Amino acid sequence: MTETDVQLYQKRVPIYPRSVKGRFRRLKWGILTLAYGVYFLLPWLPWDRVAGPQQAVSFDIHGRRFYLFDLTVHAQDIFWLAGFLVIGAFLLFFVTGIAGRVFCGYFCFQTLWTDVYILIERLVQGERPARIRLDKQPWGGGKLLKKGTTHLLWLLVAFLTGLSFTLYWGYAPELFTGFFTGQAPFPAYATTLFLTATTYVMAGLAREQVCTYMCPYARFQGAMFDRDTLIVAYDEARGEGSAGRHKVAKGLKTREERQTQGVGDCIDCGYCVQVCPTGIDIRNGMQYQCISCALCIDACDTIMDSMEWPRGLIKYTSDKAQHGEKTRLLKGKTIGYGVILLSAATALIVSMLNQVPLDISVSQVRQPLYVRLSDGRIQNSYEIKLNNKADLSYEVRLDVSGLGGAELDLGQLEHIVLHPDQRLQLFVKVRMRPHANQPEKKDFYFVVEPVGAGDIPQVKWPSVFYHPDD
Ligand code: SF4
Ligand code: SF4
């Protein structure tokens, strides 16, 4: 091939996946129903909360808080997000090392939404042969109606997907009404439009191209595979025999007849190829386009059952098992991933359970570090941030400890009251008269004492008082 022959663009070959029944298809429908149920209904689940929206899950961008059932995640808890990401990454490494691309085949948004789009296509346009015929047909009223209905239903699903995502970022009942009366904020419309468009393009138009060309995970997941990893594979020895595969024909009907002539169990019906959402032939060996959805297993099992031959011509197996060796699902690498995963999950849960209800942080004003007052006393200034993460209002008393004779000046503030989820910023001054031989800097604590706040404990924050060197 000369340099000018190199093709950088390959025209998409349309794929018309045939429907299939079987245990993996049932499992996939089950996961899909659960995922859709959670995604579409969760914003509507009411939740009793003193402060914040009465909605189980809500992401409050303005208040910089995320509400997840009884857990309120504040901006300061951002390290939890890092914990979630670490857990997600190692869960992916762990599962992929053992079971290959199960995430792609069963849980990925792209797979779940494409499955629904294919279902719509089938309900409107018919089974695979009818869809192929329709595409070859010239444009006319019937074709326009079927294609138009399919695209309208796709757009409806895409719009519901986009709108549901938006409802997580506000109080769903209000945002929903506001959306249709033109009262919703601009980002709500922009987000819904963006997700509607991307869902429609990804699940309706691009489909397997997303897995094949766009998804980064599809590119690097091969690095997590080894010879023990479960993959969907065709049993070549059984399917091909010594004389290859052959359709059912005279003298090649029973297994005994076929085996006598060296013909394998594959009757070359092509069902496994027709059901494949990425349009590959698993009988050609492992291919990077395979998302491990196991629909070809269901297809081949159906054929084997109808022939009354044993199932398993296509099955989940490992490279080692294919070569007669023992598969070891748990080994050093996977156990290592598992240990990191468990440790990260435990650390995250412990951190969440021990979330402090009253947060304090203190920073010293350094310009100037200290001021000498006309009466000879020394004054240092501090910026204090208090964050009430509890669901109740209470008063707090602020004091200093470890700085004998010091006076705390709260300015105009007489009472400090913290309401649920309130953040307060205070500027305070600490003054003291210098003693002979006083060190240049003295460590002390700010003490915050909640009053009438049940079992919310006192909080101490270390700080330093600076003093001129004279
Ligand atoms: S080859 Fe089988 S498992 Fe792989 S994507 Fe196609 S149908 Fe799914
Ligand atoms: S479904 Fe089974 S029998 Fe039919 S072509 Fe595929 S592997 Fe062969």
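Fair warning: this is a prediction, and the values are worked out from it, not measured in the lab. (Residues numbered from 1 in each chain as written. Chains lettered and ligands numbered in written order. Predicted model: local features only at pLDDT ≥ 70, side-chain atom pairs only at ≥ 80, totals over all residues. Heavy atoms only, no water.)

Asks: Could you give me a rundown of the overall build of the chain, with the residues and numbers involved?
Replies: Along the backbone of the chain there are 16 helices and 14 strands. For 470 residues, the compact-globule formula gives about 23 Å, and the C-alpha radius of gyration of the chain, at 33 Å, lies well above that figure. Taking the principal axes of its C-alpha atoms as reference, the chain extends roughly 115 × 60 × 55 Å. Looking at the chain as a whole, 43% of its 470 residues qualify as buried. For the chain, the proportion of contacts with a sequence separation of at least 24, taken over those separated by at least 6, is 67%. (Helix = DSSP H or I, 4+ residues; strand = E, 2+ residues; numbered from the N terminus. Rg over C-alpha atoms; globule rule 2.2 N^0.38 Å. Buried < 20%, exposed > 50% of the residue type's maximum accessible area, 1.4 Å probe, protein only. Contact = heavy atoms within 4.5 Å.)

Asks: For the site of ligand 1, give the residues involved together with the corresponding values.
Replies: Taken together, the neighbourhood of ligand 1 is formed by V232, C276, P277, T278, I280, I282, C290, I291, S292, C293, A294 and C296. Residue composition of the shell around ligand 1, by class: ten nonpolar, two polar and no charged. (Near = heavy atom within 4 Å. Nonpolar A, V, L, I, M, F, W, Y, C, P; charged D, E, K, R; others polar.)

Asks: Let's hear about the UniProt feature "transmembrane region" (unreviewed entry) in the chain: which residues, and what values?
Replies: When the UniProt feature table is mapped to this numbering, "transmembrane region" (unreviewed entry) covers residues 27–45, 78–99, 152–171, 186–206 and 335–353. Between the first and last C-alpha atoms of residues 335–353 the distance is 27 Å; the span itself is 100% helix and 0% strand. (UniProt positions renumbered as here; feature names shortened; annotations may be inferred.)

Asks: I'd like to hear about the packing of helix α4 (residues 109–125) against helix α5 (residues 128–136), residue by residue, with values.
Replies: Viewed as axis vectors pointing N to C, α4 and α5 meet at an angle of 75°, and their least axial separation amounts to 9 Å. Considered as vectors, α4 and α5 are oriented roughly perpendicular to each other. Across the interface between the two elements, E121, R122 and Q125 of α4 pack against A130, R131 and L134 of α5. Considered class by class, the residues forming the contact of α4 with α5 number two nonpolar, one polar and three charged. (Axes fitted to C-alpha atoms, helices over the stretch in contact; angles between N-to-C directions. Parallel < 35°, antiparallel > 145°, perpendicular 65-115°, else oblique.)

Asks: Now, about the nonpolar core: what can you tell me, with residues and values included?
Replies: Within the largest apolar cluster, 54 residues are counted, with the highest numbers of intra-cluster contacts made by Y36, W113, Y117 and I314. No other element matches the seven residues that helix α14 (residues 295–307) contributes to this core. Apart from residues lying up to four places away in sequence, Y36 is in contact with L41, L112, W113, V116 and V157. Counting 26 residues, the second-largest nonpolar core is a separate cluster that includes L358, I416, M432 and F465. (Core = buried A, V, L, I, M, F, W, Y, C linked by side-chain atoms within 4.5 Å.)

Asks: Mind laying out the sheet that holds strand β13 (residues 441–451), listing which residues take part and the relevant values?
Replies: Ordered in space as β11-β9-β13-β14, the four strands form an open sheet in which the pairing is antiparallel. Only two strands of the sheet have a single neighbouring strand rather than two, namely β11 (416–418) and β14 (459–466). Across this sheet, the average inter-strand angle for adjacent strands is 35°, counted without regard to direction. With eight bridges joining them, β13 and β14 adopt antiparallel strand pairing. Looking at the pairing, K441 lines up with Y466 of β14. (Pairing = 2+ DSSP bridges.)

Asks: Lay out the layout of surface pockets with the relevant residues and their values.
Replies: Approximately 1,000 Å³ is the volume found for the largest pocket. Taken together, 33 residues line the largest pocket, and the ones lying closest to its centre are F59, L68, L81, F84 and L85. Listed by contribution, the elements that provide at least two residues to the lining of the largest pocket are α1 (23–41), β1 (57–60), β2 (65–68), β3 (71–74), α2 (78–99), α3 (102–107) and α4. When its residues are assigned to classes, the lining of the largest pocket shows 28 nonpolar, two polar and three charged. (1 Å grid on protein atoms, 1.4 Å probe; cavity = no way out; pocket = protein on both sides within 12 Å on 5 of 7 lines; lining within 4 Å. Points joined across faces, edges and corners; volume = space filled by probe spheres on them.)

Asks: Talk me through the site of ligand 2; I want residue IDs and the actual numbers.
Replies: With respect to spatial proximity, the complete set of residues near ligand 2 consists of Y234, C266, I267, D268, C269, G270, C272, R283, C300, M304 and I314. The class makeup of the residues in the shell around ligand 2 is eight nonpolar, one polar and two charged.

Asks: How would you summarise the domain arrangement of the chain if you had to cite specific residues and measurements?
Replies: In terms of domains, the chain is made up of domain 1 (231–323) and domain 2 (358–466). Domain 1 and domain 2 are separated by 75 Å when their C-alpha centres are compared. (Domains from an automatic or database assignment.)

Asks: Give a description of the pairing of strand β8 (residues 378–388) that names residues and reports values.
Replies: Counting buried positions along β8 yields ten of eleven residues, so the element is predominantly enclosed. Between strand β7 (residues 371–372) and β8, which pair antiparallel and follow one another directly, the connecting turn spans five residues, one of which, G376, has a positive phi of 95°. Inspection of the sheet shows β8 paired to strand β12 (residues 423–432) by ten bridges, in the antiparallel sense. Of the residues in β12, the one forming a bridge with Y382 is V428.

Asks: Could you give an account of unusual backbone geometry, with specific residues and numbers?
Replies: Following Q367, the chain continues to P368 via a peptide bond in cis, the omega torsion being 0°. Position of P368 relative to the elements: it lies in the loop between β6 (358–364) and β7. One non-glycine residue, E308, lies in positive phi territory at about 60°. Inspection of the secondary structure assignment puts E308 in the loop between α14 and β5 (314–317). Accessibility expressed as a relative area gives 72% for E308, which makes it exposed. Even without being glycine, D421 reaches a positive phi, approximately 65°. Within the fold, D421 resides in the loop between β11 and β12.

Asks: Describe the pattern of salt bridges, and please don't skip the residues or the numbers.
Replies: In the structure shown here, the tally under the stated rule is 28 salt bridges. Among the ionic pairs, D265 bridges to R255, the shortest N-O distance being 2.8 Å. Of this pair, D265 sits in the loop between α12 (255–260) and α13 (271–274) while R255 sits in helix α12; the two residues are ten residues apart in sequence, bridging distant segments of the chain. (Salt bridge = Lys/Arg side-chain N within 4 Å of Asp/Glu carboxyl O.)

Asks: Report on a nonpolar patch on the surface, specifying residues and quantitative values.
Replies: A cluster of nonpolar residues, I78, L81, F84 and L85, forms a patch on the protein surface that exposes about 430 Å² of accessible area. Positionally, F84 belongs in helix α2. By relative accessible area, which is 44% here, F84 ends up partly exposed. (Patch = residues over 30% accessible without salt bridge, like charges linked within 9 Å, V, L, I, M, F, W, Y side chains within 5 Å. Areas by Shrake-Rupley, 256 points an atom, 1.4 Å probe, with all protein chains shown as cover.)

Asks: Could you give an account of the sheet that holds β1, with specific residues and numbers?
Replies: Strand order in this open sheet of three strands is β1-β2-β3, and the pairing throughout is antiparallel. Either end of the sheet is taken by a strand with one partner, and the two such strands are β1 and β3. Between one strand axis and the next, the sheet turns by 10° as a mean value, whatever way the strands run. Both β1 and β2 contribute to a ladder of four bridges, which runs antiparallel. Its bridge partner being in β2, D60 is matched across the sheet by R65.

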